[in-house]
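Now for the letters of each chain:
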Amino acid sequence: MAKYIVLIYETETPDGAPDPALAAEYAKHWSFMDEHKDAVLAGDALQATSTATCLRSDGGTVTVTDGPFVETKEALGGFYVLEAPDLDAAIELAKEIPAPRGGVEIRPIAVFDA
């Protein structure tokens, strides 16, 4: 079985708070996790991008900055780590992830031999 991370991107509210109008959509995440508990290895929502801290290295010095590195219309709002036999199966699972104001990105997790 392979592991995949599914990144959930959505339009963030101006203050970063959850949109009360989407409470029913957010509740669908609990249903998704319950329905696919054998495939969902981890998952969580993230706080607003305004709480982000970024570290950038210029070859010896690390600079710490507040906020996201780039400004985009959609922000990374959460993630799931899924286990699936292949990418096609991961895609089928990811199609059920609620992202009413955005979309998801699926990426295989790299495996390094020790």
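Residues numbered from 1 in each chain as written. Predicted model: local features only at pLDDT ≥ 70, side-chain atom pairs only at ≥ 80, totals over all residues. Heavy atoms only, no water.

**What to know about the overall build of the protein chain**
Check the secondary structure of the protein chain and you find two helices and six strands. With the C-alpha coordinates aligned to their principal axes, the bounding extent of the protein chain is approximately 45 × 45 × 20 Å. Of the side-chain charges in the protein chain, 8 are positive and 20 negative, and the distance between the mean point of each set is 2 Å. (Helix = DSSP H or I, 4+ residues; strand = E, 2+ residues; numbered from the N terminus. Lys, Arg positive; Asp, Glu negative; His and termini not counted. Charge placed at Lys NZ, Arg CZ, Asp CG, Glu CD.)

**With respect to the pattern of salt bridges**
With the rule as written, the count across this model stands at four salt bridges. Asp34 is the partner of Lys37 in a salt bridge, and the nearest nitrogen-oxygen pair spans 3.9 Å. The same class applies to Lys37 and to Asp34, which are both exposed. The salt bridge involving Lys95 is made with Glu92; its shortest N-O contact spans 3.0 Å. Its relative accessible area of 59% is what places Lys95 among the exposed residues. Under the relative-accessibility criterion, Glu92 is labelled partly exposed at 44%. (Salt bridge = Lys/Arg side-chain N within 4 Å of Asp/Glu carboxyl O. Buried < 20%, exposed > 50% of the residue type's maximum accessible area, 1.4 Å probe, protein only.)

Function-wise, these values are silent; they only describe arrangement.
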